[in-house]
Amino acid sequence: MSTLLNSLTTELRRGTLTLAVLSQLKTPQYGYSLVQRLEKSGITIDQSTLYPLLRRLEKQELVTSSWDTSESRPRKYYSLSDYGGEIFTQLKEEWEKTSQELYILLKGEGEDGAD
Amino acid sequence: MELIELYIQEVTRRLPEKNRADIALELQSTIEDMLPEDYTEQDVKTVLLKLGDPVTLASGYRDRPMHLIGPRYYDVYISLLKMILPIAAVISLIALVGDNPFRDTGNTVMEAILKIIGKGISGIISTGIQVFFWLTLSFAILERLDTSKDQSPVTKDLKPWTPENLKDIPNISKKKAVPMIEVFASLLGLSVFAALYFNAANLLGVYEKRNGSLIFVTPSFNQDVLNSYWLLVSCVIIIGVLLAIYKLFLGRWTLKLAFFHAIYQLLYTLAFIIIISNPDLLNPEFLAYQRTLFSIDEWKSSIYWGLILISIIFAAYDTYQGFRKAKIR
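Here's what I pulled together on the structure shown here. Nothing here was measured: the structure is a model prediction, and the numbers come from that model.

Here we take up the overall build of chain B. Helix and strand content of chain B: 13 helices and two strands. Here chain B holds 329 residues, and the buried ones make up 37% of them. The contacts of chain B with a sequence gap of at least 6 include a subset with a gap of at least 24, amounting to 77%. Carbon and sulfur atoms make up 66% of the accessible area of chain B, which amounts to about 20,100 Å² in all.

See the structure below:
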């Protein structure tokens, strides 16, 4: 039972990951700093999902990357591109709409149950 | 640490050459970020466990799918396979009909029949394997060449589904359907018949058991007489093959099919009657041999008329069945 719940939860969250990652890239982040920021907000992300996701976003030209070699170890920084910013705004609106609709839907379901 | 390098190598060796160095460097720095100062081997293991199976991580980086044929193409792949396999099997059987009459077919009737059936089955299997292999390969390549983001399944014409596709679905009731096995059986039967007919002098006749092995004593038929009808018999065989193909493509009985079927029945019954009416059909030696067993001459005409009657009854019944199935709605 709990494995089914787990897989359903993972599925539910998967779509929101892109949004979560894009939201944190207004300032340049490297892989691990991004993980920490997300975890601080309570979002746990599989690291084996995150790094490939960053690459895919880069390929889709939503984010740009650059190597910073000035510190003790080289780090690859990712940040939102202009195009990525536009997409992020639209995606955010889409998410707000969806969550509002779902909220109403779930609230209605709760009232029906009370009858 | 050696474990880290091994891990990175396990990931990158699964990736395209051009991305390897960059991803390796990023993984290296990420892993070091995750490790505390003065880490132990146990720390490394914990971190690597967090990153997970290198195969999964690598497949995340790769755009290529981790399956041979995905949901987008699976259904059309299966339906094409179902469509092409029987056709290929039939073609291999037709090749058998065309091929076997003039080949060495064994020493006895049973051997010849078994050999042809064996050839037929092995032909179907090897053609089937070929079809399966090439179709699967083509779809696996197609899957990898398809760069469109669209993941919805495609239909037989490789386009997305529309309600128009519903019109292509044949609605066949079980009673009207021509079973695939019937087509195979008639093709196999035709090839056995062709082989026996054109090699009758070597196969059909009197066998005697001597010293535990079967010896061919004398052929029943006069091969020269049989061969003189080659055009008629070839026509019957070719029309039989064509009819089987037509049945295969229709997949069900229609009035048109029943009509052609009736003509075919008529044709081969006529051919049968013409051939058995030839007074020189039977080998004189065979007749002489039979005379030693029983008085064949007084039975001759009743056997002749009996055979004609039986063949007409069978043909009529078959024809009736064809029309009956065609009329079912």
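Let's pick the thread back up.
Our focus in this paragraph is the packing of helix 7 (residues 180-198) of chain B against helix 10 (residues 230-250) of chain B. Residues and elements named next belong to chain B. Where helix 7 meets helix 10, the closest approach of the two axes is 9 Å, and the angle between their N-to-C directions is 165°. The angle between helix 7 and helix 10 falls in the class roughly antiparallel. Classified by chirality, the crossing of helix 10 by helix 7 is left-handed. The segment helix 7 lies against helix 10, with Met-180, Glu-182, Val-183, Ser-186, Leu-187, Leu-190, Phe-193, Ala-194, Tyr-197 and Phe-198 engaging Trp-230, Val-233, Ser-234, Ile-237, Gly-240, Val-241, Ala-244, Lys-247 and Leu-248. Residue classes in the contact of helix 7 with helix 10 are distributed as 14 nonpolar, three polar and two charged.

What follows deals with helix 3 (residues 47-59) of chain A. Helix length check: helix 3 of chain A, at 13 residues, gives a terminal C-alpha distance of 19 Å against a target of 18 Å (1.5 Å per residue), a fit within 8%. Looking at helix 3 of chain A, one finds that the buried residues are Gln-47, Ser-48, Leu-50, Tyr-51, Pro-52, Leu-53, Leu-54, Arg-55 and Leu-57 of chain A.

What follows covers the interface of chain B and chain A. With 15 residues of chain B at the interface, the matching set in chain A holds 16 residues. The largest share of the area that chain B buries against chain A comes from Asp-22, Glu-26 and Asp-33 of chain B, three residues that together contribute 31% of it. Scanning the region where chain B abuts chain A turns up six salt bridges. In this structure, Arg-55 of chain A engages Asp-22 of chain B in a salt bridge whose closest nitrogen and oxygen atoms are separated by 2.8 Å. On the surface where chain B and chain A come into contact, there are nine residue pairs in polar contact (both at pLDDT 80 or more). Of all the secondary structure elements, the ones that give two or more residues to the side of chain B that touches chain A are helix 2 (17-34), helix 3 (41-51) and helix 4 (54-61) of chain B. Examining the composition of the side of chain B that touches chain A, we find that nine residues originate from one element, helix 2 of chain B, more than from any other. Of the residues belonging to the side of chain B that touches chain A, the class tally is six nonpolar, three polar and six charged.

Thresholds, definitions, all that
Residues numbered from 1 in each chain as written. Chains lettered and ligands numbered in written order. Predicted model: local features only at pLDDT ≥ 70, side-chain atom pairs only at ≥ 80, totals over all residues. Heavy atoms only, no water. Helix = DSSP H or I, 4+ residues; strand = E, 2+ residues; numbered from the N terminus. Buried < 20%, exposed > 50% of the residue type's maximum accessible area, 1.4 Å probe, protein only. Contact = heavy atoms within 4.5 Å. Areas by Shrake-Rupley, 256 points an atom, 1.4 Å probe, with all protein chains shown as cover. Axes fitted to C-alpha atoms, helices over the stretch in contact; angles between N-to-C directions. Parallel < 35°, antiparallel > 145°, perpendicular 65-115°, else oblique. Left-handed = near helix turned anticlockwise from the far one by under 90°. Nonpolar A, V, L, I, M, F, W, Y, C, P; charged D, E, K, R; others polar. Expected span 1.5 Å × (residues − 1). Buried area = accessible area lost by both parts, 1.4 Å probe. Salt bridge = Lys/Arg side-chain N within 4 Å of Asp/Glu carboxyl O. Polar contact = N/O pair within 3.5 Å; in protein donor to acceptor, adjacent residues only side chain to side chain.

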